[in-house]
Amino acid sequence: MSSQQAIQTGRRRLLAAAGIAASSLLLPGPGFAAIAPAMQARKKYPKKVVDLVERSLVIDMLAPLKIDFRPEAYADPLSAADAEMFRSCGITGFHNSIGVGGASAYADALTFLAAWNGFVGRNQDVFTLVGTATDLDKAKKQGRVAVVMGLQNADEFREARDVKAFHQLGLRCAQLTYNSQNLIGGGSTDRIDGGVSDYGVEIIKAMNEIGMLIDVSHCGDRTTLDAIELSPRATAITHSNCRALNNHPRLKTDEAIRKLAAKGGVMGITGVRMFVKDKDPTTIEDIVDHIDHVAKLVGVEHVGIGSDSDLIGYDKMPPDQYKQLKAAYKSSYAFRDRIDTDGFDHPFKVYDLTAALLRRGYGSEHIQAVLGGNFRRLLGESWVPRPAKSGKAPEEDRPQDKTQADKK
C-alpha cells in the first residue's frame, strides 16, 4: 500500500460509518454541553473588545461546526447550551468544510452536503445556509450563524460539468487538492509537485464561470502558483500560515502570498499549533505574528482568519479520536503533544484575537477587515456567475460602506 493509500484508508476508518472519507466530521457532539458555564466568559473582555467584535462581520474561512467522528453526529439534536455557544462566540460566518478523496469522493461529497444541509435546516433558529455573500450580511443582522458549505479537495469533480452540479447543491468553495496529488495538481506534502494539469485548467475555468471560490490552502507550491496565475478571478488561501516564519510544507511562501494579493485574494491565518510555530510556547501572539507578516508584505486588506478548528478545539477530542486524527497524516505534518494554540482554543477565541490585535497597535477599521471584512469582499466578488468576458459582479452582492447606504 502506498503512503497516499494509507492516509486515505486511515481517514476512511475515522469516518466509515458516515460514509465520508474526510479529515473531520462536523457537528455538535456530547462535549459541547460541558462548556455551557463558559457562556459567561465573554464578560471578562474589555468593553472596547466586545463592542468591536459585536459590530464586525466575523468570518472564519475554515471552521467546522464540530469535529466529531461518531456516525450519528449529524443527526444529533442541537442542545440549548450548544445553540447559545454558537450565538455567543462572536463569529457569524463558518466555512464548514471537510476533505474528501479517492474513488468514493463523489458519493462522499453528496453525503456530506445532504447531511449538513439537513442539519442547518432542522436548526434554522440558529443557523442559515449561505448562497450569496449578502446572506452573510442578513445573518449578522438577524443574529444567526451563517454556514458556508465547502470541501477541502476537488476529487468530487469527475468532469468539469460537475462543478455546476455541486454549486447547485450548495457548494460554494473547494480546494483544488488536499495534501496529495490528484488529477488537478500536487498537494502540500507531495515530494514532487508538477503544477496544475490540463484537466485542472478545465476545473479552474468551470469554477470561475459558475462563481465558486477556488481555495489553494493544501496545494503544493507549484500548484498554488499555477492556480493563482490561471484563475482570472481572485483565489483564496482559506487556512494557512507564512513559511517565512515557520518552515512547514503546509504553509505558504512569500512569493505565493504576493501573487495571491496582486489579484485581490485573501489569506486566512490558522491557529493549528504546528502551523503557527515549530516550538513551544505557541500562543495567540504568534498567530498575530503571521497576520503582521501578511499585512506588512502585501497589505492588511489581504489577510483574514481561517482557524481550521471548531469552537472547542482539537485537544478536547476524545483520546481515541485524537490519536486516530494524528495517525491519518504524514510525518511531515510534525504533530506535537498539542494541536491547539494557547489562547485560541475556546469558544470566545475571536475576542482574544481582537484584544491581541489591539495590543499590537491595529486600529478598529483594520481589525474589522481582518475579522471578516476582507473575506466578505472576496466572497462578494467571487460568488457571482461570470462567463469569461462578462461584466462586474452585481452591485447588490457587494458590501456597502456607510456613505453608500445612507444615500439610498
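Position labels on residues start from 1 in each chain and follow its written sequence. The model is predicted, so local features are restricted to residues of pLDDT at least 70 and side-chain atom pairs to those at 80 or more, both for listing and for counting; the totals for chains, interfaces and linings are taken over all residues. In computing side-chain values, all of the structure's heavy atoms are included and hydrogens and water are not.

## Remarks on the overall build of the chain
So, step 1. Counting its secondary structure elements, the chain contains 15 helices and nine strands.
So, step 2. Out of the 408 residues belonging to the chain, those deemed buried represent 60%.
So, step 3. Looking at the chain as shown, the accessible area adds up to about 16,000 Å², and 53% of this sits on carbon and sulfur atoms. Segments assigned H or I by DSSP are reported as helices when at least four residues long, segments assigned E as strands when at least two residues long, and all are numbered from the N terminus. Whether a residue is buried, partly exposed or exposed follows from its accessible area with a 1.4 Å probe, protein chains only, as a fraction of its type maximum: under 20%, in between, or over 50%, in that order. All accessibility values rest on the Shrake-Rupley procedure with a 1.4 Å probe; residue burial counts only the protein chains present in the view.

## Thoughts on the side chain of Ser-97
So, step 1. Structurally, the position occupied by Ser-97 is in strand β2 (residues 93-98).
So, step 2. Only 3.2 Å separates the side chain of Ser-97 from the backbone nitrogen of Leu-151, close enough to count as a polar contact. Identification of polar contacts relies on pairs of N or O atoms within 3.5 Å, with a donor-acceptor requirement for protein atoms, meaning one able to donate a hydrogen and the other able to accept it, and with residues adjacent in sequence counted only if both atoms are side-chain atoms.

## Considering the packing of aromatic side chains
So, step 1. Classification of ring pairs uses Phe, Tyr and Trp, with its six-membered ring standing for Trp, and accepts pairs whose centres are within 6.5 Å; under 30 degrees between planes counts as stacked, over 60 as edge-to-face, and the remaining range as tilted. All chains considered together, the criterion is met by 14 aromatic pairs.
So, step 2. Relative to Tyr-329, the ring of Tyr-178 has its centre 6.4 Å away and its plane inclined at 45°; by these criteria the two rings are tilted. Placement of the pair is Tyr-178 in the loop between β5 (171-175) and α7 (198-210) and Tyr-329 in the loop between α12 (319-327) and α13 (349-359), with a sequence separation of 151 residues.
So, step 3. Since its relative accessible area comes to 6%, Tyr-178 is described here as buried.
So, step 4. Site record: aromatic cluster; members linked through ring pairs are Tyr-74, Phe-86, Phe-94, Trp-116, Phe-119 and Phe-127.
So, step 5. The ring of Tyr-106 is capped by Arg-158, whose NZ or CZ atom sits 3.6 Å from the centre of that ring. Put simply, a charge is over a ring when the Lys NZ or the Arg CZ is close to the ring centre, within 6 Å, and near the line of the ring normal, within 35 degrees.

## Some words on the nonpolar core
So, step 1. Residues Phe-86, Phe-94, Phe-127, Phe-157, Leu-176, Met-207 and Leu-353 are the most contacted members of the largest nonpolar core, which totals 83 residues.
So, step 2. Tallying contributions element by element places helix α4 (residues 105-122) first for this core, with eight residues.
So, step 3. Only buried residues count toward a nonpolar core, which is a set of Ala, Val, Leu, Ile, Met, Phe, Trp, Tyr and Cys residues joined through side-chain atoms within 4.5 Å. If you look at the next biggest cluster of nonpolar residues, it comprises 18 residues, including Ile-59, Ala-139, Val-148 and Leu-378.

## Some words on the packing of helix α11 (residues 284-298) against α13
So, step 1. Axis definition: a line fitted to C-alpha atoms, limited for helices to the stretch in contact. Angles are taken between N-to-C directions and run from 0 to 180 degrees. The contact between α11 and α13 brings their axes to 10 Å, and the two run at 65°. Like other packed secondary-structure pairs, α11 and α13 cross with a definite hand, here right-handed. Contact with α11, carried on its side by Ile-284, Glu-285, Ile-287, Val-288 and Ile-291, involves Lys-349, Asp-352, Leu-353, Ala-356, Leu-357 and Arg-359 of α13 and no other residues of that element.
So, step 2. Any residue outside Ala, Val, Leu, Ile, Met, Phe, Trp, Tyr, Cys, Pro, Asp, Glu, Lys and Arg is labelled polar, Gly included; the first ten of those are nonpolar and the last four are charged. Here the contact of α11 with α13 is built from residues that sort into seven nonpolar, no polar and four charged. Take the far helix as your reference; a near helix turned counterclockwise from it by less than a right angle gives a left-handed crossing, and one turned clockwise gives a right-handed crossing. We call two residues in contact when some of their heavy atoms are within 4.5 Å.

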